[in-house]
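# Observations on the model geometry
Below are the chains, spelled out letter by letter.
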Amino acid sequence: MSAAPGGDEPIRVLLVDDQTLLRQSFERLLELERPGLRVVATAADGQEAVAAVERLAAEGHAPHVVLMDVRMPRLDGVEATRQITARWPEVRIVMLTTFDDEEYIVEGLRAGAKGYLLKDASSEQLVQAIRAVRRGESPLQPSVAAKLVARIARSQESAPPPAPAPAYPQSIGSSAGMPLDDLTEREREILRLRSSAGMPLDDLTEREREILRLLAKGESNREIGEVLFITEGTVKNHVSNILSKLGLRDRTQAALWARTHGQG
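Below, the structure is looked at part by part. The structure presented is a predicted model; accordingly, all values stated were derived computationally and were not measured.

### Focus on the nonpolar core
- Counting 29 residues, the largest nonpolar core has Leu14, Val16, Met68, Ile84 and Met95 as its most contacted members.
- For this core, the elements supplying multiple residues, two or more each, are strand E1 (11–16), strand E2 (37–43), helix H2 (46–58), strand E3 (65–68), helix H3 (77–87), strand E4 (92–97), helix H4 (102–110) and strand E5 (115–118).
- Among the elements that make up this core, the one with the highest residue count is H2 (five residues).
- Those residues within four positions of Ile84 in sequence are excluded, and the remaining contacts are Ala49, Val50, Val53, Met68, Pro89, Val91 and Ile93.

### What to know about the packing of helix H9 (residues 206–216) against helix H11 (residues 232–246)
- As a packed pair, H9 and H11 sit with axes 10 Å apart at the nearest point and diverge in direction by 90 degrees. Comparing the axis directions of H9 and H11 gives the class roughly perpendicular. Together, Arg207, Glu208, Ile211, Leu212 and Leu215 of H9 and His238, Val239, Asn241, Ile242, Lys245 and Leu246 of H11 make up the contact between the two elements.
- Taken together, the residues of the contact of H9 with H11 break down into six nonpolar, two polar and three charged.

### Quick word on the pattern of salt bridges
- Scanning the model with the defined rule gives 13 salt bridges in all.
- Between Arg12 and Glu9 there is a salt bridge, with the nearest N and O atoms lying 2.3 Å from each other.
- The shortest N-O distance in the salt bridge between Glu226 and Arg222 comes to 3.1 Å. On the criterion of helical spacing, the pair formed by Glu226 and Arg222 is a turn pair, its members being four residues apart in helix H10 (residues 221–228).
- Residue Glu226 is classed as partly exposed on the basis of its relative accessible area of 48%.

### Points about the packing of H10 against H11
- H11 packs onto H10 with a crossing angle of 105 degrees between their chain directions and a minimal axis gap of 8 Å. With respect to their mutual orientation, H10 and H11 come out roughly perpendicular. Between H10, through Asn221, Arg222, Ile224 and Gly225, and H11, the contact on the second element is made entirely by Glu232, Val235, Lys236 and Val239.
- Within the contact of H10 with H11, the residues separate by chemical class into three nonpolar, two polar and three charged.

### Topic: the pairing of E1
- Counting buried positions along E1 yields six of six residues, so the element is predominantly enclosed.
- Judged by which residues are buried, E1 turns out to be covered on both faces: Ile11, Val13 and Leu15 on one side and Arg12, Leu14 and Val16 on the other are all buried.

### Quick look at H11
- With 15 residues, H11 should cover 21 Å at 1.5 Å per step; its first-to-last C-alpha distance of 21 Å lies within 8% of that length.
- Of the positions making up H11, those classed as buried are Val235, His238, Val239, Ile242, Leu243 and Leu246. An end-on view of H11 places all buried positions within 140 degrees of arc, on one side of the element. Across H11 from its buried face, at more than 90 degrees, point the exposed residues Asn237 and Ser244.
- For H11, the secondary structure elements touched by its buried residues are H9, H10 and helix H12 (251–260).
- Note on H11: the residue one or two positions beyond its end, Gly247, has a positive phi of about 70 degrees.

### Quick word on the sheet that holds E4
- What the five strands build is an open sheet, ordered E2-E1-E3-E4-E5; its pairing is parallel. Two strands bound the open sheet, and with one partner strand each, they are E2 and E5. The mean inter-strand angle of the sheet, taken between neighbouring strand axes irrespective of direction, is 25 degrees.
- Of the strands in this sheet, E1, E2, E3, E4 and E5 touch helix H5 (residues 123–134), which is tilted by about 135 degrees from E3.

### Some remarks on the side chain of Asp45
- If you trace the backbone, Asp45 turns up in the loop between E2 and H2.
- One polar contact links the side chain of Asp45 to the main-chain amide nitrogen of Gln47, over a distance of 3.0 Å.
- Separated by 3.0 Å, the side chains of Asp45 and Arg74 make a polar contact.

### Topic: the environment of Ala258
- Relative to the elements of secondary structure, Ala258 occurs in helix H12.
- When the C-alpha atoms of Ala258 and Leu212 are compared, they prove to be 6.5 Å apart, with 46 residues separating the residues in sequence.

Parameters and conventions
- Here the residue index of a chain counts from 1 through its sequence in written order.
- At least 70 in pLDDT is required for a residue's local features to be given in this predicted model, at least 80 for side-chain atom pairs to be given and counted, and no such filter applies to totals for whole chains, interfaces and linings, which use all residues.
- Side-chain numbers come from the whole structure's heavy atoms, not from hydrogens or water.
- Within this scheme, the nonpolar core is defined by two criteria: the residues are buried Ala, Val, Leu, Ile, Met, Phe, Trp, Tyr or Cys, and they are joined through side-chain atoms within 4.5 Å.
- Burial status follows relative accessibility: with a 1.4 Å probe on protein chains alone, a residue under 20% of its type maximum counts as buried, one over 50% as exposed, and anything between as partly exposed.
- In DSSP terms, a helix is any run of H or I states spanning at least four residues, a strand is any run of E spanning at least two, and both are numbered starting from the N terminus.
- The criterion used for residue contact is that any of the two residues' heavy atoms lie within 4.5 Å.
- Only the stretch in contact is used when a helix axis is fitted, and all axes are lines through C-alpha atoms; the angle between N-to-C directions ranges over 0 to 180 degrees.
- An angle counts as roughly parallel when it lies under 35 degrees, as roughly antiparallel when it exceeds 145, as roughly perpendicular when it falls between 65 and 115, and as oblique in every other case.
- Classes in brief: Ala, Val, Leu, Ile, Met, Phe, Trp, Tyr, Cys and Pro nonpolar; Asp, Glu, Lys and Arg charged; the others, Gly included, polar.
- By definition here, a salt bridge exists when the distance from a side-chain nitrogen of Lys or Arg to a carboxyl oxygen of Asp or Glu is within 4 Å.
- Expected span of a helix, by definition, is 1.5 Å for each gap between consecutive residues, and there is one gap fewer than residues.
- When we speak of the arc, we mean the arc of directions from the helix axis to the C-beta atoms.
- Two strands pair if DSSP finds at least two bridges between them.
- In the analysis that follows, any N or O atom pair within 3.5 Å is treated as a polar contact, provided that within protein one partner can donate a hydrogen and the other can accept it, and provided that, for residues neighboring in sequence, both atoms belong to side chains.

Remember, this is a structural readout, not a statement about activity or role.
Rendered as structure tokens:
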């Protein structure tokens, strides 16, 4: 099973959580995915996480992905994420936490995290998220994405009427009435999705709209197939068509687009 882009190298994972039982559980779960994934180290807090990345990087095999808890003693996950991404930008971090509080989400993404999952995610979702972030994608659990979209929506509603602005990408922030520097990269991406032209819903068939609405709810291809009484392969084909028609990159973007356009 190939896990790293362009080769057979396993994805090196660092697990960071202050609860020993959870660290051990996640480690056992991920070790079942060998040879595609390999847990190279674990850490009990942010300080240990930074030290582990430093040690592994010095040995020439820094982790590809870090699963980072948020609340930990000595150094929390947000600050540890900030330090790691500043020193080793190639290391991709996924926040894995019990907390879906909006501020935790925003602060984690601002600090440089590439994804955000809750600990109640299934083992399949966890493994898929690791692989996705390694490919350069930004996995967000649907409930997390919904909170992020809601935050941006509130910001837009409270903003003054925008002045005429140049076409994207010159001034995303001004068109939304929000300073660009105040947005995370993920928030900018969502604004691009909200304001992008050339993605009419009318281009989708009725079946594709049904699937898009189910995507927005976080349903898997198998679950969508069961709801609509079609095969998983047929769902995959429809998802590919949806992404192509809307000019989107992945399922996460499709789910966000659907929610921001009243399809969620």
